[in-house]
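Given next are the chains, with one letter for each unit.
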Amino acid sequence: ETGVTQSPTHLIKTRGQQVTLRCSSQSGHNTVSWYQQALGQGPQFIFQYYREEENGRGNFPPRFSGLQFPNYSSELNVNALELDDSALYLCASSLAKGGPYNEQFFGPGTRLTVL
Amino acid sequence: DQQVKQNSPSLSVQEGRISILNCDYTNSMFDYFLWYKKYPAEGPTFLISISSIKDKNEDGRFTVFLNKSAKHLSLHIVPSQPGDSAVYFCAASLNTNAGKSTFGDGTTLTVKP
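I will try to describe carefully the structure that is included in this document.

Procedures and definitions
- Residues numbered from 1 in each chain as written.
- Chains lettered and ligands numbered in written order.
- Predicted model: local features only at pLDDT ≥ 70, side-chain atom pairs only at ≥ 80, totals over all residues.
- Heavy atoms only, no water.
- Buried < 20%, exposed > 50% of the residue type's maximum accessible area, 1.4 Å probe, protein only.
- Helix = DSSP H or I, 4+ residues; strand = E, 2+ residues; numbered from the N terminus.
- Pairing = 2+ DSSP bridges.
- Patch = residues over 30% accessible without salt bridge, like charges linked within 9 Å, V, L, I, M, F, W, Y side chains within 5 Å.
- Areas by Shrake-Rupley, 256 points an atom, 1.4 Å probe, with all protein chains shown as cover.
- Salt bridge = Lys/Arg side-chain N within 4 Å of Asp/Glu carboxyl O.
- Axes fitted to C-alpha atoms, helices over the stretch in contact; angles between N-to-C directions.
- Disulfide = S-S within 2.5 Å.

1. Focus: the pairing of strand E7 (residues 64-68) of chain A
Residues and elements named next belong to chain A. Here E7 shows one buried face, formed by Phe64, Gly66 and Gln68, and one open face, formed by Ser65 and Leu67. Two elements, E7 and strand E8 (residues 73-78), share 5 bridges in a ladder whose sense is antiparallel. By the bridge assignment for E8, Gly66 is matched with Leu76. Here E7 hands over to E8 after 4 residues, with Tyr72 in that stretch at a positive phi of 70 degrees.

The following block contains the structure:
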């Protein structure tokens, strides 16, 4: 069983550009969550997808959007990049969105730098 | 307003001794609490969790204590080993949905041989 993978590992963009980050969940995991981790801080919840539908969103503007696909992959899209978007972006997958099987498995993250 | 706080950015202990990491929260509606360990260049790894209906959960060398009245939880590692050196995050969630967790800023634990 493969773990959670993310691509790319690192990315450099300029302000105003758009970016797409990708995540491949563990097989069978129908729930994926995305987090933003700024330097020196803990991960901050962006949104969660359950069976290809958004299932809750944190305090992030609409220019942060996502998609989840039937093949257990997902995307995080960020439009109109700002300097403060520079962070490590983590995705985490789980078997369920609640209950005893809710353990999250995190990917290694994508380091985004906005210049 | 940070709902989950880890007030100690770092902690250093001697191998074999106890490590105690602390976490405070403000939202009394949180019903599920987790600890994660993170090594450099890796994503967080789930360590141990506790439901709000319990006050203690044990898993090998790791024990988590929950004090709901004080809105405080702690992670005890006994005995500490050099391989435990990592950043530890505490997280809290609603409706047992760990995928929507609110994280603290982490405590860097260093275990000296």
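2. Remarks on a nonpolar patch on the surface
A surface patch of nonpolar side chains, about 230 Å² in accessible area, is lined by Ile18, Ile20 and Val78 of chain B. Note on Ile18 of chain B: relative accessible area 41%, which makes it partly exposed.

3. Description of the sheet that holds strand E3 (residues 19-24) of chain A
Residue and element names in this part refer to chain A. Strand order in the open sheet formed by 4 strands is E1-E3-E8-E7, and the pairing between neighbours is antiparallel. Each end of this open sheet is capped by a strand with a single partner; those strands are strand E1 (5-7) and E7. Across the sheet, the mean angle from the axis of one strand to that of its neighbour is 20 degrees, orientation sign disregarded. As judged from the 6 bridges shared by E3 and E8, these two strands associate in the antiparallel manner. Among the inter-strand pairings, Ser24 is bridged to a residue of E8, identified as Ser73.

4. Topic: the pattern of salt bridges
In the structure shown here, the tally under the stated rule is 6 salt bridges over all chains. Between Arg57 of chain A and Glu54 of chain A there is a salt bridge, with its nearest N and O atoms 3.3 Å apart. Here Asp84 of chain B makes a salt bridge to Arg61 of chain B, at a shortest N to O gap of 2.8 Å. Here Arg61 of chain B lies in the loop between strand E6 (56-59) and strand E7 (62-67) and Asp84 of chain B lies in the loop between strand E8 (72-77) and strand E9 (86-93), a separation of 23 residues in the sequence. Asp84 of chain B gets classed as buried once you look at its relative accessible area, which sits at 2%. Three or more residues joined by partner-sharing salt bridges are found here, namely Arg63, Glu82 and Asp85 of chain A.

5. Some remarks on the state of the cysteines
Residues and elements named next belong to chain A. The full count for this structure, using the stated rule, is 2 disulfides over all chains. Here Cys23 engages in a disulfide with Cys91; their sulfurs sit 1.9 Å apart. Because the torsion about its S-S bond is 70 degrees, the bridge between Cys23 and Cys91 counts as right-handed. Note that Cys23 is positioned in strand E3 and Cys91 in strand E9 (residues 87-94), a separation of 68 residues in sequence.

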